[in-house]
Each structure stands twice: as C-alpha cells, then as structure tokens.
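Each chain, letter by letter, is given below.
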Amino acid sequence: SGITGTITVMGTPAEEGGGGKIFMIERGAFDGVDIAIMAHPNPHEIAIPFCLCIQELEVHFTGKAAHAAAFPWEGVNALDAAVLAYTNVSVLRQQMKPNWRVHGIFTNGGVKPNIIPEKASLNYYMRAPTREELDVLREKVIACFHAAAQATGCSVEISKASKTYDNMISNLTLAKLYAKNLESVGIMEYRYELNQSWSTDMGNVSHVLPSLHPAFHVGSGKEVNHTREFTAIANTPEAHAKTLLVGKALCFTCIDVLTGGDTLMKEIKD
C-alpha cells in the first residue's frame, strides 16, 4: 500500500493515582511516538473533555495521647487538628475559583474513644486548570493544615502522595478526525467539548506529544463514574459493544494520520 508507520497498542496501568503514564514518559516509552490517543467511559459522548491538573497530599498530625476521661488536659488531640483542617478547607471554598476542586477524607482518627488521639491523618486531592493555578491552590490548602496544627498544639507532616498530573491539551486536528470517525461507525450524537473537571495522567502525555483523550457514553446517562451503578452498567454486553465501536473510531483516526502524509502531520504538530 506504500503506507509507512506503526500503530502501537500500549498498556498504561495505574492511572488512578499511580501516574503510570508519567513513569512511562520518564522511562522512554513514548520516545519516537508522533501521537497518542485513548478513550474513557463516561455518562456522555465527548470528543474533547476538559481535564484538570491534580496533586494528592497526605497530611499527618501528631499530638499526645492521654486518658480522655481521667486526664484529658494532659493530651494534645490530633483528631481535633484533622477536623479543624477539614473545616478550614471547607471555609476556604468560598474564595476558590469555580474551576478549582479540593476534596479529602480522614484516613486515621485515633484508636479508642477513651484515648486522646495521638495520630490523625487526611488524604486530599487538589485540582486546577493549570500548574500555575494548582500551585496557588496548594499553598492555600497547606496553610489550612498548618493553621489547624498551630491552633491545637500538634505538629503536622505534609507530603505528596503521588506524581502531579498535568491538564489535558487536546489536539484539535485529532479531535476533528475522531469526531468524523465517530460518525463513520454510527455514533452521531456527541458533544465536541464539555467541562467535567476530572483528571488523568494522559494530561502529562499531552504535554509531550499531540494527544487526544475522548470520553464515550455508556449506560442511560444517569450513572456517573466512581459509583456502584456505573460499575454495573460498564460490565454489560451493551457497554462492551460500545467500547468496540469507539475502539474502531480510534483506529480509524490512527489510519487517517498514517495516510495523511506530511501535510496532516505538520497540522497536528502545529
């Protein structure tokens, strides 16, 4: 056929917090690759989803244990520090930009009710559209943790729990090709762009080479990601069939790039 080039199907594990693609970038997995595309199930059909930067923090407060009934004044309550930190962040939300996201959980709150908690821990995610905005948001959140420690007399240790994910830079030329190929496999209803504020390590790939990460619809549209309902509909014959269709659209997009010559590749890389 005279077509030269290679299409590689590459496994990319540990996307949920593990930053698998970031390790792959660092270890040369994408060296010599011209474009990268993948897709993710979703309640909506989207050619260009809006994906935020994300950083994960682990926060550990240390106080002093004591009998909670007999000698509570001898203790320094690490759980109080964690609760205050959580409240501080909640109060901060009024001053957050509309496209900033912060969410956290308690991962340790003590051992027994009659012991003043000596240790307490939180796990937090922070998201923003760019690394620069993420840096600003992170400092505001970290200030909430330090303030809680100071108010309760605890010490606090804050550390990154995973690699930082970049925002997704969707290649517009690839998006147009993909949208055309969606229609070619019979998927006529889709949104070209939609802001859903999720994050992916594919964002880091998109800062290295032209990339696209569309989302594809499964279910009724009422089931949303990270719920039991979405897990159930994802494991249905209908969802599997839809995944194959989207896989074809991705493949056809790769074929378009292979057959488009230098002119198309220049447009993609520009």
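Let me sum up the structure you'll find in this document. (Residues numbered from 1 in each chain as written. Predicted model: local features only at pLDDT ≥ 70, side-chain atom pairs only at ≥ 80, totals over all residues. Heavy atoms only, no water.)

**Focus on the packing of helix α2 (residues 78-92) against helix α3 (residues 131-152)**
Part 1 of the reasoning: Here α2 crosses α3 at 140°, and the two axes come no closer than 8 Å. One way to sum up the angle between α2 and α3 is to call them oblique. Between α2 and α3 the crossing geometry is right-handed. In this structure, α2 contributes Asp80, Ala81, Leu84, Ala85, Asn88, Val89 and Leu92 to the contact, and α3 contributes Lys140, Val141, Cys144, Phe145, Ala147, Ala148, Ala151 and Thr152. (Axes fitted to C-alpha atoms, helices over the stretch in contact; angles between N-to-C directions. Helix = DSSP H or I, 4+ residues; strand = E, 2+ residues; numbered from the N terminus. Parallel < 35°, antiparallel > 145°, perpendicular 65-115°, else oblique. Left-handed = near helix turned anticlockwise from the far one by under 90°. Contact = heavy atoms within 4.5 Å.)

**Points about the sheet that holds strand β5 (residues 101-108)**
Part 1 of the reasoning: What the four strands build is an open sheet, ordered β5-β6-β4-β7; its pairing is antiparallel. Only two strands of the sheet have a single partner each, and these edge strands are β5 and β7 (155-160). Each adjacent strand pair in this sheet contributes to an overall mean axis angle of 20°, direction not counted.
Part 2 of the reasoning: Here strand β4 (residues 53-62) pairs with strand β6 (residues 119-128) via ten bridges, running antiparallel. Residue Glu56 lies in a different strand from β6, and its bridge partner there is Tyr125.
Part 3 of the reasoning: Against the sheet, α2 contacts β4, β5 and β6, and its axis sits at roughly 15° relative to β6. (Pairing = 2+ DSSP bridges.)

**Things to note about the side chain of Ser197**
Part 1 of the reasoning: By the element assignment, Ser197 lies in strand β8 (residues 191-198).
Part 2 of the reasoning: Within the local environment of Ser197, its side chain forms a polar contact with the side chain of Asn195, the two groups lying 3.1 Å apart.
Part 3 of the reasoning: Every residue in contact with Ser197, bar those within four places of it in the chain, is listed here: Phe50, Leu52, Arg101 and Arg127. (Polar contact = N/O pair within 3.5 Å; in protein donor to acceptor, adjacent residues only side chain to side chain.)

**Some thoughts on the pattern of salt bridges**
Part 1 of the reasoning: Applying the stated criterion to the full structure yields ten salt bridges.
Part 2 of the reasoning: Its salt-bridge partner being Asp201, residue Lys21 comes within 2.8 Å of it at the nearest N-O pair. With a gap of 180 residues between them, Lys21 in helix α1 (residues 20-26) and Asp201 in the loop between β8 and α5 (202-206) connect regions that are remote in the sequence.
Part 3 of the reasoning: On the basis of relative accessibility, which here comes to 0%, the residue Asp201 falls in the buried class.
Part 4 of the reasoning: For Lys242, the salt bridge is made with Glu45, and the minimal N-O distance between the two is 2.6 Å. Of this pair, Lys242 sits in helix α7 (residues 237-259) while Glu45 is found in the loop between β2 (40-42) and β3 (46-51), placing the two residues 197 residues apart along the sequence.
Part 5 of the reasoning: A residue is classified by how much of its surface remains accessible, and Lys242, at 15% relative accessible area, is buried.
Part 6 of the reasoning: Connected through shared salt-bridge partners, Asp135, Arg138 and Glu139 make up one network. (Salt bridge = Lys/Arg side-chain N within 4 Å of Asp/Glu carboxyl O. Buried < 20%, exposed > 50% of the residue type's maximum accessible area, 1.4 Å probe, protein only.)

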